[in-house]
Amino acid sequence: QVQLVESGGGLVQAGGSLRLSCAASGSIFSINTMGWYRQGPGMQRELAAVITSGGSINYSDSAKGRFTISRDNAKNTVYLQMNSLKPEDTAVYYCNAVVQSYRWSGLTGYWGRGTQVTVSS
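Residues numbered from 1 in each chain as written. Predicted model: local features only at pLDDT ≥ 70, side-chain atom pairs only at ≥ 80, totals over all residues. Heavy atoms only, no water.

## With respect to unusual backbone geometry
Argument step 1. The backbone phi angle of N76 is positive, close to 50 degrees, even though this residue is not glycine.
Argument step 2. Its location among the elements puts N76 in the loop between β7 (67–72) and β8 (77–82).
Argument step 3. N76 sits in the partly exposed class, given a relative accessible area of 23%.
Argument step 4. For S84, which is not a glycine, the phi torsion comes out positive at approximately 50 degrees.
Argument step 5. As for its placement among the helices and strands, S84 is situated in the loop between β8 and β9 (91–100).
Argument step 6. Under the relative-accessibility criterion, S84 is labelled partly exposed at 41%. (Helix = DSSP H or I, 4+ residues; strand = E, 2+ residues; numbered from the N terminus. Buried < 20%, exposed > 50% of the residue type's maximum accessible area, 1.4 Å probe, protein only.)

Structure (structure tokens):
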């Protein structure tokens with residue numbers, strides 16, 4: 001089993017910044033992709049940013065130019081630096097990791113419990 005623990009959410013004024021962290025632990029042989037998704041009030045969960053083990057990155061249109069995703073493979077941790085935050089960024093942010101738990105096993109996706117980000121106007 002794999003656990004993902006997010007931290008770094010909170011309340012910030014529009015234009016401010018936050019840095020989210022997500023650490024994976026448990027039965028981990030390797031981690032393929034790690035990413036951040038968000039779910040605003042009354043909205044479906046959507047991609048914010050994702051990064052592969054090789055460092056390839058994909059951002060949503062709303063995140064481009066303002067958010068930066070990075071990862072520390074040695075620590076099994078992914079980060080999301082969020083700048084120039086807007087009220088519409090208010091959401092629960094969820095960490096996702098696609099994990100190979102053992103050399104012989106396939107890939108399984110895991111989710112964290114989420115961290116609340118609230119941006120006031």
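Picking up after the structure, the text goes on.
## Concerning the pairing of strand β1 (residues 2–7)
Argument step 1. Side chains V2, L4 and E6 project from β1 onto a buried face, and the interleaved Q3, V5 and S7 project onto a face without burial.
Argument step 2. By the bridge criterion, 6 bridges tie β1 to strand β3 (residues 18–26) in an arrangement that is antiparallel. The residue bridging L4 from the neighbouring strand is A24, located in β3. (Pairing = 2+ DSSP bridges.)

## Brief notes about the sheet that holds β1
Argument step 1. A sheet is described by the order of its strands in space; here 4 strands give the open sequence β1-β3-β8-β7, paired in antiparallel fashion. Each edge of the open sheet is held by one strand with a lone partner, namely β1 and β7. Across this sheet, the average inter-strand angle for adjacent strands is 15 degrees, counted without regard to direction.
Argument step 2. Examined bridge by bridge, β3 and β8 share 6 bridges and lie antiparallel to one another. Its bridge partner lying in β8, L20 is registered against L80. (Axes fitted to C-alpha atoms, helices over the stretch in contact; angles between N-to-C directions.)

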